[in-house]
Amino acid sequence: MKISYNWLKTLVNIEYSAQETADLLTSSGLEVEGIETFESLKGGLKGLVVGHVLECEKHPDADKLKLTKVDIGAAEHLSIVCGAPNVAAGQKVIIATIGTKLYPTTGEPFEIKKSKIRGALSEGMICAEDEFGLGTSHDGILILPADTKTGLPAADYFKIENDTVLEIGLTPNRSDAASHLGVARDVVAIVNSTKDTPNYQLYLSGLNELPEASNIHKIEVVVENTEACPRYSGLVISGVTVKESPDWLQNRLKAIGLRPINNIVDITNFVLHELGQPLHAFDVEKIKDNKIIVRTAKQGEKFKTLDDVERTLNANDLMICNETDPMCIAGVFGGIESGVNEKTTTVFLESAYFDPGFVRRTAKQHALKTDASFRFERGTDPDMTVTALTRAANLIFEIAGGTLSMGVVDIYPEKLEPYKVAFSYSNCNALIGKEIDRALIKNIILNLGITVDSEGSDGLLLNVPRFKTDVTREADVIEEVMRIYGYNNVEVSKAISYTAFNESKNNDVALENKTASLLEGFGFNEIMSLSLTKETYYPEENNNVKVVNPLSNDLNVLRGDMLFSGLETIAYNINRKNADLKFFEYGRTYSIADKETPKYAEQKHLTLFVTGNAFVENPFNLTQKADLSFLKAAVTNLLQKSGITNYKCIESSYTNFDYGLTYTLNNKPLVELGAVSKKQLKAFDINQPVFYADFNWEALVKAFSKQKIEFEEISKFPSVRRDLALLIDKAVKYQQIEELAFNIEKKLLKEVNLFDVYEGEKLGNKKSYAVSFTLLNNEATLTDKQIEGVMEKLISNYKEKLGAELR
């Protein structure tokens, strides 16, 4: 949110610089994220002065150029070559001196330099209005009145406004500060809490009593839904002239990033940003039957908004309607038919308090974010509606003319009373951790706009105004006192209190730290992804947990699978020329376990992703691809280091794999790993293989917690590895190959490992498994006869029982 320093100074008598004010606000919880300079004319006309043309002669070597002598109030006169047809001696003109940077109306900025033009010295430039951004005319130089003072800075002559703009990172709970008035209120409270004699106060102008209405117009207002619209106020002004706003108003809006439209609309925007109360102006001629109805929309009703988009309304959308048609989405966006334009002469000015929930749902449903909805969603002040109308009406009388032709209509059937909060000084000091003077605490509370209903020996009964939407409890009031008093003013205790307690080992945290260290050692990088994702990643029939009020359609469900967030990260990196990746992530998935109850399930996972080369570019010619065997080695190593070795391996049935494995423990899935399907990779525009492993974290922690540290003597004798390439039917599972091997040779066979899978058209209904077998005798060195005997038994059994062929 942008706050104009000049505007702020009209509301409070600030004695501090813009930077000092920003520091005060940041210390109170209104963080100023940036400070920028605003100039009503770009460049601020720096280096431009009023000059007096003393001499003007024709250039001897150019028909269209003239040689001039110009007085700019300096010790020496300037020689300037000018090509304008209307330049003449005796004129008062605008001079751009050497070194000045000009910002023309069209084209790029340029700097004035000392130069020679056709052999004649030129020490500046006599400007046309378009050459320094004042207008569009380039017919000739700009000529000023003869009595204009020579040497006067152009910025002073044209009354250029310079401002400092504070960019505030407004948190959702600070709706009270969503205006210049709200920020000024904090400034008053902060400064008055640091001064011995508090003297800062708020100044609100333009609130003089409205003139008596002529009542030549009568607009009937009917509020059908008082829950969605507890208060609705309005008035009518006739005889207005819709035109361009005066410079001061345009500059106020431009400084905070708004584009001026016309005087009526600009006034409503001005009041919104000054007081925090959104307004809307209707052309009275567009209000059919002179009746305004505040109602919820009919389901499927059509409405065209100001951006010329036809929208389909929902039954919960609150609308401002005339007798027959909708005119405005309440608190969100106006309609294209009922707005103010240059032909408008009579306006109905609306100022209302809309329920935040209704506005929030509608704004998100239609993906509309406006300055009005921003404030209504967070909660505005129901007591501000008539005040804002008065401010806006007085500005309209001043800027657009007109008379009050219908006085204020104020429909407020059930007044929203201030929040009653009992406040204790003792509780305040205890929670803050410091004894603060009671008079100072009371002063802070009063300066924040909170009033005292009654006072006791240790506390106050407070009336908290409705614009403090987040201050409804004693703890909230104490937080307000704390932030104004200043967090930095509370000293840190020199003593640290600690309560010792006995707790069994947290295996979850221990295993997470252990596996993270191992994976980092393997060269993996940790990623952290949002738990929110898009529903289109999943099949139409799914058990996803949907978000009732999603921020966008890309974040409308809780993730039910860790794969997609990882693929998003991989695609992001590949698109930025980083294609060799090894990632791991700890995260949770969510699903509906029982749709009738409904009962939700939440499960923690550890996932690994590898793609590209396993090693970054290096001088050792290490060029291994990050393939399934690489991932399998990482998974196996991680399980072994976690003390888990008694798992079994079967073929994976995970639908997002082209091929893969499942490690099971006690017949329950422990890890899924495999090659991500080409279909999924194509959906993310990934053109290289990606391999993925997904650990069931709960099963992993459970197994880890049961492990005992055991030491085993390293064998004195070498192991031997033999590989077989087996051509088998697609129906045969890898698990069968592994189990058969261990059944055949229980003494010497230590490890079976699948390190490659190949399927192709030439193999038909067959597939090729490349399998390694590790043999070891702990009592003696293996002989060739022993090795060949084991391998022959394996081959014969594979042929006989699995129908395998050797490739």
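Let us look at the structure shown here. (Residues numbered from 1 in each chain as written. Predicted model: local features only at pLDDT ≥ 70, side-chain atom pairs only at ≥ 80, totals over all residues. Heavy atoms only, no water.)

The next subject is the pairing of strand β26 (residues 451-455). Sheet analysis places β26 next to strand β27 (residues 459-464), joined by 4 bridges and oriented antiparallel. Bridge pairing in β27 places Glu455 opposite Leu460. Remark: 3 residues form the turn of the hairpin made by β26 and β27, two consecutive strands paired antiparallel. (Pairing = 2+ DSSP bridges. Helix = DSSP H or I, 4+ residues; strand = E, 2+ residues; numbered from the N terminus.)

Going through the model one piece at a time under the given rule, you end up with 20 aromatic pairs. On the basis of an interplanar angle of 35° and a centroid distance of 5.2 Å, the ring pair of Tyr537 and Phe684 is categorised as tilted. Of the two residues, Tyr537 sits in the loop between β29 (532-533) and β30 (545-546) while Phe684 sits in the loop between α16 (678-683) and β37 (690-696), which places them 147 residues apart along the sequence. Each of the two residues, Tyr537 as well as Phe684, counts as buried. Look at Phe773 and Tyr798: their rings are 6.3 Å apart centre to centre, the planes differ by 40°, and that puts the pair in the tilted class. In this pair, Phe773 is assigned in strand β40 (residues 766-775) and Tyr798 in helix α19 (residues 784-802), connecting sequence segments 25 residues apart. Judged on exposure class, the residue Phe773 and its partner Tyr798 are both buried. Counting every residue linked through ring pairs, the aromatic cluster contains Tyr537, Tyr538, Phe564 and Phe684. (Phe/Tyr/Trp six-rings, centres within 6.5 Å; stacked < 30°, edge-to-face > 60°. Buried < 20%, exposed > 50% of the residue type's maximum accessible area, 1.4 Å probe, protein only.)

It is worth spelling out unusual backbone geometry at this point. One non-glycine residue, Asn215, lies in positive phi territory at about 60°. Positive phi is not limited to glycine here, since Asp308 has a value of about 65°. By the secondary structure assignment, Asp308 is in the loop between β18 (302-304) and β19 (310-312). Taking the relative accessible area as the measure of exposure, Asp308 reaches 48% and is therefore partly exposed.

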